[in-house]
Every structure is written in structure tokens, then in C-alpha cells.
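Structural overview for review
Below, each chain spelled out in residue letters.
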Amino acid sequence: MKHLLSVDDLGGRAGIERMLELTDGFLAVTRREIPKIPALVGKVIVTLFYEDSTRTRLSFETAAKRLSADTMTFSVASSSVKKGESLLDTVQTIEAMGIDAIVVRHGAAGTPHRIVNWTDASVINAGDGRHEHPTQALLDAFTLRRHRQGSLDGTRIAIVGDIVHSRVARSDVKIFNALGADVTLVGPPTLMPESLEDWGANVSYDLDEVLGDVDVVYLLRIQKERIAGGRFPSLREYSARWGLTAQRAARLKPDVVVMHPGPMNRGVEIANDVADADISLITEQVTNGVAVRMAVLYDLLANPTSSERVS
Ligand code: NCD
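Residues numbered from 1 in each chain as written. Predicted model: local features only at pLDDT ≥ 70, side-chain atom pairs only at ≥ 80, totals over all residues. Heavy atoms only, no water.

1. Points about the site of the ligand
Taken together, Arg 55, Thr 56, Arg 105, His 133, Gln 136, Arg 167, Val 168, Arg 221, Gln 223, Pro 261, Gly 262 and Pro 263 form the complete shell of residues around the ligand. In the model, an oxygen atom of the ligand is placed 2.7 Å from a nitrogen or oxygen of the Arg 221 side chain. Between the ligand and the protein, one listed contact pairs a nitrogen atom with a backbone N or O atom of Pro 261 at 2.9 Å. Coverage of the ligand by the protein chains reaches 95% of its 320 Å² of free accessible surface. Elements represented by at least two residues in the shell around the ligand include exactly helix H2 (55-66) and helix H6 (167-178). Residues of the shell around the ligand, tallied by class, amount to 3 nonpolar, 5 polar and 4 charged. A domain-level breakdown of the shell around the ligand finds at least three residues from each of domain 1 (7-132 + 286-301) and domain 2 (148-280). (Near = heavy atom within 4 Å. Polar contact = N/O pair within 3.5 Å; in protein donor to acceptor, adjacent residues only side chain to side chain. Areas by Shrake-Rupley, 256 points an atom, 1.4 Å probe, with all protein chains shown as cover. Helix = DSSP H or I, 4+ residues; strand = E, 2+ residues; numbered from the N terminus. Nonpolar A, V, L, I, M, F, W, Y, C, P; charged D, E, K, R; others polar. Domains from an automatic or database assignment.)

Structure (C-alpha cells):
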């Protein structure tokens, strides 16, 4: 694998499982007293983020540093993009400095695929529009697998909320399906994609109907910045019908876990108390995100002839 643009690049179930196993090794590294190994000494990794981000960018940068790579942070707000520089010129300028990987987030779907044509560096998609977010999918699968005795086979997962705008939903459905889970998309019809045939998931418009049957409730952020017209009457209305309120959480089966990619709209898709409850894996998702990104960077960039070993 030279680039990671989509969950499809991981090579099906076997490739995904291999990456999750690699992640196990890196999670152990992050728990050492000195959580750093020299696997990527001399490599340069750029984070090129055209959309806001807290956890994804910091997670990639932390992962790169724990592998001893050098990092460059490109932030649109303080760059020549403000002077009208094109994406192509920006990429070529960065490339000319000598880099090994570009981690890119962009509001337009397909941007990472275009960048691949302009650079020799490895390209990692950190979220492109509504399209995909493969490392989020890997960290979600990794986190969930640890809570399901190492297997997602037969696990019933409800992904709830703003499906139509969500690259996380698209990538998560792919990875959960590949690992044998049974996914149901839940939300108002106005937040569902127009065509659901190629998603390979069940659909429900009634959260209360599915709650009693699932093992996992995966909540999505209402993406206010991407919602153009009124897709639902008000946030309060949304919360009343599709939010995981404390009353709804009380009706979940024992052992059900709650996930969210962050950032959360507390009080909208998830109640405060639920976000902080024991059943919530949200903080663990963030922790595991660093190990997953270490595994991906290592897989893409480590010299195969190197004598470095993870363990
Ligand atoms: C998500 C994203 O940016 O796609 N966040 C993340 O990467 N953890 C989800 C979101 O913004 O709602």
C-alpha cells in the first residue's frame, strides 16, 4: 500500500485485520514509559488541513512524532492560500522541500486522489468532504473489537444521525461490513443519502425501534456547517427524536457501548451524562487513534529492509 485514500485500499478483511494487529503492537508502544521508537527517523510528514480539526490533526502529528518522523504543519489560515495560491501550487511547493507523506483534509471529495497525481509522497486521506475518512474507520473498528472479544462478526451496530454529510459513516459502514458486523443507519429521512443501495446497510427512521436490538450505538455529529436548508425543524426537535438522551440510554441492553467520532454537540445528538458514562468509548477512541495512525504511517513509510521491528 502506497496511499490510504479509502477503506477499499486496505485490502479487504485480511488487510484490515493485519492493520488492526499492527495497531495492537503500537498501542503497547504508546504505553511504554518512553512511548517513542526510531522507526521513521529522517522521514518528513506534512499535515495539510483545509478544514478545521482538533483530534485528527493532533493525532497524526503525535503518531508521527512517536515514530521519530519530522512533522510539518500546514494551516490554511496562515498560509499563501489566503493570497490565492492553488492547491496544485501548494502541493508542489511542499513537495519541493522533500517530504515522504502528506496527510490531507479537504472540504471537497476526491481531493486526496488528485494530490496523488502531483506528488511522489504517500497520501493519506484525513477526511475529504462527505466522502471518506479511513483512519477514523480503522480506529473505530479497533476500539470496538477490543470490547467485543476480538471480533465484530454478528455485532449489531446502529449509526445514528447525519448520515448524508458524514464521511465517517461511509468509511465505517465499509469497515464494519468487511469485519462481519450488521449495520443499521438511523436518522430522519432528510439526513439519509438519496441512494442507499450500494451502502450494504439496513435503514430505519425510528431510533426507539432499533435501540433494544443493538450492541453498539454510534452517534454522528449534526454537521451544521454542511447543512444548507432546514432538514429538521430545530435542534431540540432533532434531539427529542434521534438524540441519545439519558432516558433512551437507560433502555439499552447491558453491555451496549456508545461511540462518537467527535467533536460532539452535547445535548443534541448525545446527552451530557451519556457522553461521560461508563458505556461511552469516546475517549478510548481518541487514545486508540494515535496507535492506529502509527500503524498506518509505519505501514506506508517504513523501509521494508529496515531492521526496525515494532515489538
Ligand atoms: C469527523 C470528521 O471531521 O469527519 N471528526 C473526526 O475526524 N473525528 C466527524 C465530524 O466532524 O463530525
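2. Details of the environment of Gly 180
Relative to the helices and strands, Gly 180 is located in the loop between H6 and strand E6 (182-186). For Gly 180 and Ser 6, which are 174 residues apart along the polypeptide, the C-alpha to C-alpha distance reads 18 Å. Apart from the residues lying within four places of it in its own chain, the contact partners of Gly 180 are Arg 13, Leu 152, Asp 153, Gly 154 and Thr 155. (Contact = heavy atoms within 4.5 Å.)

Everything listed here is a matter of coordinates, which is why it stays silent on function.
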